[in-house]
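Structure assessment
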Amino acid sequence: MSSDETNAGVDRMAGAEPVPGSAKSDPILVADGVRRSFGGLRAVDVEHLEVQRGTITALIGPNGAGKSTLFNLLTGFDRVDGGRWTFEGRAVNGRRGHQVARAGMVRTFQLTKALTRMTVLDNMLLGAPGQFGERMAGAFLRPVWQGQERLNTERALDLLERFKLVDKRHELAGALSGGQRKLLEMARSLMTDPTMIMLDEPMAGVNPALVQSLLGHITSLRDDGKTVLFVEHDMDVIMGISDWIVVLAQGQVIAEGRPSDIRSNRQVIDAYLGAQEESSEAAGSGDDGQR
Ligand SMILES: Nc1ncnc2c1ncn2[C@@H]1O[C@H](COP(=O)(O)OP(=O)(O)O)[C@@H](O)[C@H]1O
Ligand SMILES: [Mg+2]
């Protein structure tokens with residue numbers, strides 16, 4: 001699968017220049033001066049970044065480049081040292097995870113956050129509007145409004161159908177394979193009908209058959225008009241489905257461009273991506289993007 005086949009004749013990037021921080025014609029997310037240090041380590045130091053609406057944008061870079069931290073910052077799961085960003089033209093910096101999700105920007109985690117002792121369906125319902133992670137305990141105790149509950153259940157079942165998990169709805173999430181948990185997490189993130197979805201290594205540890213179905217889901221999200229930003233290591237996957245690629249190294253955007261721009265950027269390939277194939281397995285198991 002080449003990018004030319006997948007994206008035949010379609011340039012969703014409309015004249016964007018392949019340079020770090022380049023302006024996009026219709027950006028859904030615009031970030032400025034986003035910084036985060038851990039002790040003396042500057043994990044994220046993004047000068048300017050725009051993500052084009054309705055595209056699949058890949059965020060790539062070596063282990064420790066700051067990809068997961070950038071996701072955490074943008075989606076309100078970690079606090080920045082500095083910076084501003086807008087989503088759909090509205091400032092969302094300083095908002096918490098559930099507020100960012102309500103604004104339409106959701107994310108999944110590098111290590112899945114499925115609650116293994118709850119059923120697949122209950123995991124989905126926790127993704128419903130107003131029931132986000134940090135308020136989970138409250139969700140159990142709160143009296144449930146029946147009408148909303150029914151709508152949420154309908155939506156959950158529709159999504160489970162689409163992700164081929166509906167037969168497993170009454171099973172514990174812990175009984176799912178790693179790949180099925182990735183699908184469950186993606187399905188759950190869609191409960192709020194987001195406009196932008198950020199996926200942190202959705203394919204890591206997933207068997208090849210499920211990788212194909214995950215890729216299909218990612219492209220159909222874009223076909224539904226949603227914006228996808230995803231972290232991935234496999235260069236074939238990246239080149240195959242991305243409209244645009246952002247390369248992060250030591251917290252900074254060092255390159256941006258279409259797959260063809262990045263492929264021909266020997267400096268990027270040699271210096272930052274050469275060792276990725278070998279290390280992607282270690283990244284899937286050892287790295288803790290959940291922090
Ligand atoms: N909570 C944290 N405390 C200390 N260091 C952290 C924390 N989170 C991330 N880091 C460090 O920040 C850098 C970027 O990490 P991360 O964003 O996970 O990279 P990536 O996802 O690109 O592999 C790494 O050096 C990592 O060890
Ligand atoms: Mg990571």
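All figures in this text were calculated on a predicted structure; none of them were measured in a lab. Each chain carries its own residue numbering, running from 1 in the written order of its sequence. Here the convention is simple: chains get letters from A, ligands get numbers from 1, in the order in which they are written. Per-residue local features of the predicted model are confined to residues with pLDDT of at least 70, and side-chain atom pairs are confined, for both listing and counting, to 80 or more; whole-chain, interface and lining totals are unaffected and use all residues. With hydrogens and water excluded, all non-hydrogen atoms of the structure serve as input to the side-chain values.

Note on geometry: axes are lines fitted to C-alpha atoms, helical ones only across the stretch in contact, with angles between N-to-C directions running from 0 to 180 degrees. Helix and strand definitions here come from DSSP, where helices need a minimum of 4 consecutive H or I residues and strands a minimum of 2 consecutive E residues; each element is numbered from the N-terminal end. With their axes 10 Å apart at the nearest point, helix α7 (residues 178-189) and helix α8 (residues 208-223) run at an angle of 15° to one another. By the angle between their directions, the pair α7 and α8 is classed as roughly parallel. The hand of the α7/α8 crossing is left-handed. Note on element contacts: α8 touches α7 through Leu210, Ser213, Leu214, His217, Ile218 and Leu221, opposite Gly179, Gln180, Leu183 and Met186. The classification used treats Ala, Val, Leu, Ile, Met, Phe, Trp, Tyr, Cys and Pro as nonpolar, Asp, Glu, Lys and Arg as charged, and all other residues, Gly among them, as polar. Along the lines of polarity and charge, the residues of the contact of α7 with α8 split into 6 nonpolar, 4 polar and no charged. The cut-offs work like this: below 35 degrees is roughly parallel, past 145 is roughly antiparallel, 65 to 115 is roughly perpendicular, and the gaps in between are oblique. Crossing handedness: left-handed means the near helix sits turned counterclockwise from the far one by under a right angle, and right-handed means the same turn made clockwise. Any two residues having at least one pair of non-hydrogen atoms within 4.5 Å are treated as being in contact.

Here a strand pair is declared whenever DSSP counts at least two bridges between the two strands. Note that strand β1 (residues 27-38) and strand β4 (residues 82-87) share 5 bridges and pair antiparallel. Bridging across to β4, Ala31 finds its partner in Trp85. Across 2 bridges, β4 lies against strand β5 (residues 90-91) in antiparallel orientation. Counterpart to Phe87 in the pairing with β5 is Arg90. Taking the residues between adjacent antiparallel strands as the criterion, β4 and β5 are bridged by 2 residues, where Glu88 takes a positive phi near 55°.

Moving on, we come to the confidence of the model for the protein. Looking at the protein, the pLDDT average stands at 85 and 82% of residues meet or exceed 70. Across residues 1-5 the pLDDT falls below 50, and counting only partners more than four positions away or on other chains, this stretch makes 10 contacts in the model. Residue-level confidence of the predictor, termed pLDDT, takes values from 0 up to 100. Note that residues 131-135 has pLDDT below 50 and, in this model, 17 contacts with residues that lie over four places away or in other chains.

All right, on to the site of ligand 1 then. By nearness alone, 13 residues border ligand 1, and Gly64, Gly66, Lys67, Ser68 and Thr69 come closest of all. Pairs of N or O atoms are called polar contacts if they sit within 3.5 Å, as long as, within protein, a hydrogen donor faces a hydrogen acceptor (for residues adjacent in sequence, only side-chain-to-side-chain pairs). Between ligand 1 and Gly64, the relevant distance is 2.8 Å, taken from an oxygen atom to a main-chain nitrogen or oxygen of the residue. Measuring from an oxygen atom of ligand 1, one finds a backbone N or O atom of Gly66 at 2.9 Å. No other element matches the 3 residues that helix α2 (residues 67-74) contributes to the shell around ligand 1. Of the residues assigned to the shell around ligand 1, the class counts are 5 nonpolar, 5 polar and 3 charged. Distances are taken per atom, and a residue is near a molecule or strand as soon as one of its heavy atoms is within 4 Å of it.

Right, let's talk about the pattern of salt bridges for a bit. The rule for a salt bridge is simple: a side-chain nitrogen of Lys or Arg has to be within 4 Å of a carboxyl oxygen of Asp or Glu. With the rule as written, the count across this model stands at 13 salt bridges. The shortest N-O distance in the salt bridge between Asp11 and Arg258 comes to 3.1 Å. Here Asp11, found in the loop between α1 (3-6) and β1, pairs with Arg258, found in the loop between β10 (252-257) and α10 (259-263); they are 247 residues apart in sequence, far enough to count as distant. As a salt-bridge pair, Arg222 and Asp223 come within 3.9 Å of each other at their nearest N and O atoms. Categorising residues by exposure relies on relative accessible area from a 1.4 Å probe, with only protein chains included: less than 20% of the type maximum marks a residue as buried, more than 50% marks it as exposed, and the intermediate range marks it as partly exposed. Using a relative accessible area of 5% as the deciding quantity, one classes Arg222 as buried. One network of salt bridges, in which partners are shared, links Arg12, Arg222, Asp223 and Asp243.

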